[in-house]
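Commentary on secondary and tertiary structure
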Amino acid sequence: MELSTLYILFGDLTQTRRAKALKNILAGRRTVSNLYWALEYDLLPYFGALRDFKLGDEKNALDRLAHLGLIVLTDRFSFQLTNQGRDQQVNLLKLLPPIKKLTIAAQNDVVRFSSRFIFATQIVSEYSYSNKRYYPQTIGFFDDQLIKRWFIQNKQRQLPNYFQELLDRFLTQLHDDLLAEIFIQSLTGHHFSGETEDQLSAKMGVPPTIIQLQWLMLYADLLTRVQQIPTSPLKLLLVGLARSPMANSTNKTLIMYRNTDYTPEQIASRRRIKLTTVYEHLLEAAIVLPVNQFPFSRLLAEPTKQALESHQPSIIGEWAFKEAKAAIPDLSFFEFRLFQVLDKKRKNDD
Amino acid sequence: MIDLEEQLHRYSDFKSFRPGQKAVLTQLLNHHDTLAVLPTGGGKTLLYQLYGAITKQRVIIVSPLISLMQDQVSRLQYLGSKRVIAITSAMAFEERVAILAHLNQYQFIYVSPEMLANATVLAAISRQETGLLVVDEAHCISEWGPDFRPDYLKLRTIRKQLGNPLILMMTATATKATRTDILVKMGFSPENVEQVIMPTNRANIFLSAKICLNQKEKNQVLVDLVSQLNGAGIIYFSSKSQAEQMAATLTQQTGKRVMAYHGGMANQRRFRIQQQFMNDAIEIVCATSAFGMGIDKANVRYVIHYHLPANIQSYVQEIGRCGRDGHQSLAILLYEPNDQYLQLNLMAATIPENQLLAHLYQHPNQLSQNDAFRVIKYYYDNGKSFEQATQIFNQAKLRRQRELNTMIRYIYTTGCRRKLLLQYFDETIHDLNPDLCCDFHTDFWGHWQSFNQQYLMQTQSVEKKPLNDWRAILDRLFLLKN
């Protein structure tokens, strides 16, 4: 995907955003820093939504956008949208389904669902024409086996009719013939090979990245709809798509911390991991979980919290640790970041 | 006695055998180890597919084309066999473990020579009964061939470990010396192996080449040709980026539907473009040599080489992708003098420099770290000294230069191109039709437009006219029976 298009879509007119962090947020590179910036930019629900795509080079994208007057660089790698950039954002958003749909791709492996669905469509389409001689798609050994099993289990269930009705209903409900056309071209079947994103891009006069986003969001939408039909013959195609909001190891640390009165040091020793890793896990959980599900008060002692509150500037996100540390000499980075997270999350809740 | 025609109709949609197919199958069914030299498009896949179908035995296919093995799997599935799998180093570890645990479910198992040299993989395969071992691209065993793969040399021992199953060695283009080398390396004496050798000559492909002054002229010639030539075409490039660029240029300047196609593309995109080409929804693909190993499109009318291949064997393989339906087709090689340097550079990249060789001989533990050092590792493991290895690689370099020179000679020849090409494979022709042979016998470049009109057929698109209405597409996607 063109990173420049994504910078326009996820850039902001008033908030300076770090280009690298923004890319890492969309690509789902799970570090405390990236998660923190996602929280700060209100993009946490989009974390990892584009993890299956190559996102290109930041510098080229920034140079291009700055040259076009769509962004201003506040330093070499941070930017804000200009008014012109904001107009462009509005125009691009008009081409897409509601951008919130993209959050479904952060919670589920939508790309995997789409490749399963496209392959299933090919099989059912050829089956409806009683054609056994065709080149099947290749989607990896495990999914291949899954689709085979699915087809054997369900082929008595009038699959061609089911697919026809499902797609007809889904595309009609979009109330947008252009999007429906773009979606249908993602499929392949009997004597129908669909189109690639650049072929559609040339035909529709929109950037290929927009076509890719449209596909992703439409499949996200389709996935949610299919999930809501408990008796759907497609149920088997939905297995293993959910994405956990936290890394496995983070979860282990959190559970241990919650269920015992171990200190982070004790957890590090029990789990045979570094103390810094324990702190990272706790911060990751603090960022990802709702405020009431994370033991903030146990990790951030009341006197420290009060000291932080008494020195905090108006925009806590822009507060540098060095400045805070100068005011509160005993402060650790962990406490400082935890305070920032808590503050941001409380403001979001309000 | 098995009626082979009946079996062909039973297990495939083909109406008749292609030349050589029946002879090979007869040998195999009589349990004779066989070396088959069949031209590209000669239907090699059908041979082992049919053998497996008739005898109900397991077939192991050793193939060097890792990135394209999945295409071969698809092709076999397309031909009607469903229990097919490929084991390659490209797959995830978990996938491989799962496949090896369920190997008995598969009748056709594709495996790369490197994977077969892996003890776990070999042990798993050895536990299954193998009816036929197929060695595809068997010329890779030949050390002095351009495609030498050291792991092919292990096949002789591997076959023993598999219980010496019946063997079919196949190649599209092998000179007599290569054929002998294949047999020696596999441990056969020529009298114990049946050889079925079909002529390399493809009489329905007109041969031509054009020497251009420079790249600008070459581009213009290409645009002119593509604008006017009838039917589907493949244009070969030696780099992915040039294939992409030229696809864009040709789309813009010729009004034809052109797409780039190469191994570096994501699976779904590659699949879609392949389908579009098969369904005649696009007319031309700008490809690297990765194209077309798995698919068999019968009505490709022309192959143009924008870059010359490294040797005559590759050239014959690549032009063999046109005219599989037997109708008149056309091979054009476009050349400008700088092109040879491009090939020389590619060549330099595949043969190690002395400095690298010296470094690796001093640090042999690094030999296993990179797949590109496989050939060096082979010589190192076999006790060759640094000096001996240097000499071997220097000879390889010279050989490749000689092969490139032969290719360039083909371009500059003032005689019959077909004769020159076939000479390389120790073949002669007797019933040559000068009008449809090559640009030596006729003034092709003065009259290529009329050749095109007279001989190259237009394509009838299978994919019905493109629809823009999603409802109409949806209605056609599923044939509803009620």
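Residues numbered from 1 in each chain as written. Chains lettered and ligands numbered in written order. Predicted model: local features only at pLDDT ≥ 70, side-chain atom pairs only at ≥ 80, totals over all residues. Heavy atoms only, no water.

Going by what an unreviewed UniProt entry lists, chain B is known as ATP-dependent DNA helicase RecQ and is assigned to Lentilactobacillus fungorum.

The name given to chain A in an unreviewed UniProt entry is Helicase Helix-turn-helix domain-containing protein, with Lentilactobacillus fungorum as the source organism.

1. Quick notes on unusual backbone geometry
Residues and elements named next belong to chain A. Positive phi is not limited to glycine here, since Asp42 has a value of about 60°. As for its position among the elements, Asp42 is in the loop between helix H3 (32-40) and helix H4 (58-67). The phi dihedral of Arg272 is positive, around 50°, even though this residue is not glycine. By the secondary structure assignment, Arg272 is in the loop between helix H14 (264-271) and helix H15 (275-288). (Helix = DSSP H or I, 4+ residues; strand = E, 2+ residues; numbered from the N terminus.)

2. As for the environment of Thr88 of chain B
All names here are of chain B. Along the polypeptide, Thr88 turns up in the loop between strand E3 (84-87) and helix H5 (93-101). Between the C-alpha atom of Thr88 and that of Pro352, which follows or precedes it by 264 residues, the distance is 25 Å. Those residues in contact with Thr88, other than ones at most four positions away along the chain, are Ile66, Met69, Arg96, Ser112 and Met115. (Contact = heavy atoms within 4.5 Å.)

3. A word on the packing of aromatic side chains
On inspection of all chains with the given rule, the structure shows 38 aromatic pairs over all chains. Taking the centre distance of 5.4 Å and the plane angle of 65° together, the rings of Tyr36 of chain A and Trp37 of chain A count as edge-to-face. What makes Tyr36 of chain A buried here is its relative accessible area of 1%. Residue Trp37 of chain A is classed as buried on the basis of its relative accessible area, which comes to 11%. Arranged with centres 4.9 Å apart and planes meeting at 65°, the rings of Phe294 of chain A and Phe296 of chain A form a pair that is edge-to-face. Both residues of the pair, Phe294 of chain A and Phe296 of chain A, count as buried. Against the face of Tyr306 of chain B rests Lys218 of chain B, its NZ or CZ located 4.0 Å from the ring centre. (Phe/Tyr/Trp six-rings, centres within 6.5 Å; stacked < 30°, edge-to-face > 60°. Buried < 20%, exposed > 50% of the residue type's maximum accessible area, 1.4 Å probe, protein only. Lys NZ or Arg CZ within 6 Å of the ring centre and 35° of its normal.)

4. Description of the domain arrangement of chain B
All names here are of chain B. Segmenting chain B into domains produces domain 1 (4-197) and domain 2 (205-340 + 404-455). Residue-level contacts link 17 residues of domain 1 with 17 residues of domain 2. Each partner contributes to the roughly 1,500 Å² buried at the junction of domain 1 and domain 2, and carbon and sulfur atoms together form 52% of this total. Counting the contacts that link domain 1 with domain 2 gives one residue pair in polar contact (both at pLDDT 80 or more). Sorting elements by how many residues they give to the side of domain 1 that touches domain 2 places helix H4 (residues 69-78) first, with three residues. Partitioning the side of domain 1 that touches domain 2 into residue classes produces five nonpolar, seven polar and five charged. (Domains from an automatic or database assignment. Buried area = accessible area lost by both parts, 1.4 Å probe. Polar contact = N/O pair within 3.5 Å; in protein donor to acceptor, adjacent residues only side chain to side chain. Nonpolar A, V, L, I, M, F, W, Y, C, P; charged D, E, K, R; others polar.)

5. So, the sheet that holds strand E3 (residues 78-81) of chain A
All names here are of chain A. An order of E1-E3-E2 is seen for the three strands of this open sheet, with the pairing classed as antiparallel. The sheet is open, and its two edges are formed by strand E1 (17-18) and strand E2 (71-75), each paired on a single side. Pairing analysis gives four bridges linking E2 to E3, with the strands arranged antiparallel. Looking at E3, one finds that Val72 is bridged to Gln80. (Pairing = 2+ DSSP bridges.)

6. Quick notes on the UniProt feature "domain: Helicase Helix-turn-helix" (unreviewed entry) in chain A
As annotated by UniProt and renumbered to match this structure, "domain: Helicase Helix-turn-helix" (unreviewed entry) occupies residues 249-340 of chain A. This span, residues 249-340 of chain A, is 67% helix and 0% strand, and a straight line between its end C-alpha atoms measures 23 Å. (UniProt positions renumbered as here; feature names shortened; annotations may be inferred.)

7. So, empty space enclosed by the protein
Residues and elements named next belong to chain B. In total, this model carries four cavities of 30 Å³ or more according to the counting rule given. In this structure, the second largest cavity encloses a volume near 130 Å³. As for the second largest cavity, its lining consists of 15 residues, of which Thr200, Asn201, Arg202, Val316 and Ile319 are closest to the centre. Residue assignment for the lining of the second largest cavity shows that the elements contributing at least two residues are strand E8 (205-211), helix H13 (312-319) and helix H18 (417-423). Element by element, the count of residues in the lining of the second largest cavity is highest for H18, at three residues. (1 Å grid on protein atoms, 1.4 Å probe; cavity = no way out; pocket = protein on both sides within 12 Å on 5 of 7 lines; lining within 4 Å. Points joined across faces, edges and corners; volume = space filled by probe spheres on them.)

8. Considering the pairing of strand E12 (residues 300-305) of chain B
Working note: regular strand, side chains alternate between the two faces of the sheet. Residues and elements named next belong to chain B. Counting buried residues in E12 gives six out of six residues, a clear majority hidden from the surface. Relative to E12, strand E9 (residues 232-236) runs parallel, the two being bridged by five bridges. Note on E12: the bridge partner recorded for Ile234 is Val303. One ladder, built from four bridges, connects E12 with strand E13 (residues 329-335); its direction is parallel. Residue pairing in the sheet places Ile304 in a bridge with Ile332 of E13.

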